[in-house]
Amino acid sequence: MAAKILANLIVMGSGVLARAFVQAYRQALANASKSGVAQETLQNTVRRASKGMTEQEARQILGVSEQTAWEEIMKKYDTLFERNAKNGSFYVQSKVHRAKECLEAAHRDKGQGPS
């Protein structure tokens, strides 16, 4: 008999807690949408996801201008990549590689595609 009462209390208590949790969550969502927190969080997520390298940043890393020919860009890339492969930093080496990829995409978009 005591076990049945105890089990009944546990079931009813967990139901009450679950309903209270759901209600509190709904209220938190309503408050967040009123204050703009939800939109700000979404914007921050999108901003973090789209943090790619800009073409200007890529040109700075490789030390080239907009008028630089693709062959010269590849020479700069090869030089910097090899220099950092031997006795440099993996971080710098990856930045150089990402810069080349960014400029490669930009050249492809402009119709001057890398050969």
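Just so it is clear, the structure is predicted and the values come from calculations on it, not from any experiment.

> Can you break down the overall build of the protein residue by residue, with the values?
Scanning the protein for helices and strands turns up five helices and zero strands. Expressed as a percentage of its 115 residues, the buried residues of the protein come to 16%. Here the analysis covers contacts within the protein between residues at least 6 apart in sequence; of these, 55% occur between residues at least 24 apart. Summed over all atoms, the accessible surface of the protein reaches about 9000 Å², with 58% contributed by carbon and sulfur.

> I'd like a rundown of the packing of helix 4 (residues 70–87) against helix 5 (residues 90–109), residues and numbers included.
Where helix 4 contacts helix 5, the axes come no closer than 9 Å and their chain directions differ by 165°. The orientation of helix 4 relative to helix 5 falls into the category roughly antiparallel. Viewed along their axes, helix 4 and helix 5 form a crossing whose handedness is left-handed. Judged by residue contacts, W70, I73, M74, Y77, L80, F81, N84 and A85 of helix 4 engage V92, Q93, V96, H97, K100, L103, E104 and H107 from helix 5. Considered class by class, the residues forming the contact of helix 4 with helix 5 number 10 nonpolar, four polar and two charged.

> Help me get a handle on a nonpolar patch on the surface, residues and values and all.
A surface patch of nonpolar side chains, about 490 Å² in accessible area, is lined by M1, I5, L9 and M12. Looking at where M1 falls in the secondary structure, it is placed in the segment before helix 1 (2–35).

> An account of the packing of aromatic side chains is needed here, citing residue identities and associated values.
Taken as a whole and judged by the stated rule, the model has one aromatic pair. Look at Y77 and F81: their rings are 5.4 Å apart centre to centre, the planes differ by 35°, and that puts the pair in the tilted class. Within this pair, Y77 and its partner F81 are both found in helix 4, separated by four residues, close to a single helical turn.

Thresholds applied
Residues numbered from 1 in each chain as written. Predicted model: local features only at pLDDT ≥ 70, side-chain atom pairs only at ≥ 80, totals over all residues. Heavy atoms only, no water. Helix = DSSP H or I, 4+ residues; strand = E, 2+ residues; numbered from the N terminus. Buried < 20%, exposed > 50% of the residue type's maximum accessible area, 1.4 Å probe, protein only. Contact = heavy atoms within 4.5 Å. Areas by Shrake-Rupley, 256 points an atom, 1.4 Å probe, with all protein chains shown as cover. Axes fitted to C-alpha atoms, helices over the stretch in contact; angles between N-to-C directions. Parallel < 35°, antiparallel > 145°, perpendicular 65-115°, else oblique. Left-handed = near helix turned anticlockwise from the far one by under 90°. Nonpolar A, V, L, I, M, F, W, Y, C, P; charged D, E, K, R; others polar. Patch = residues over 30% accessible without salt bridge, like charges linked within 9 Å, V, L, I, M, F, W, Y side chains within 5 Å. Salt bridge = Lys/Arg side-chain N within 4 Å of Asp/Glu carboxyl O. Phe/Tyr/Trp six-rings, centres within 6.5 Å; stacked < 30°, edge-to-face > 60°.

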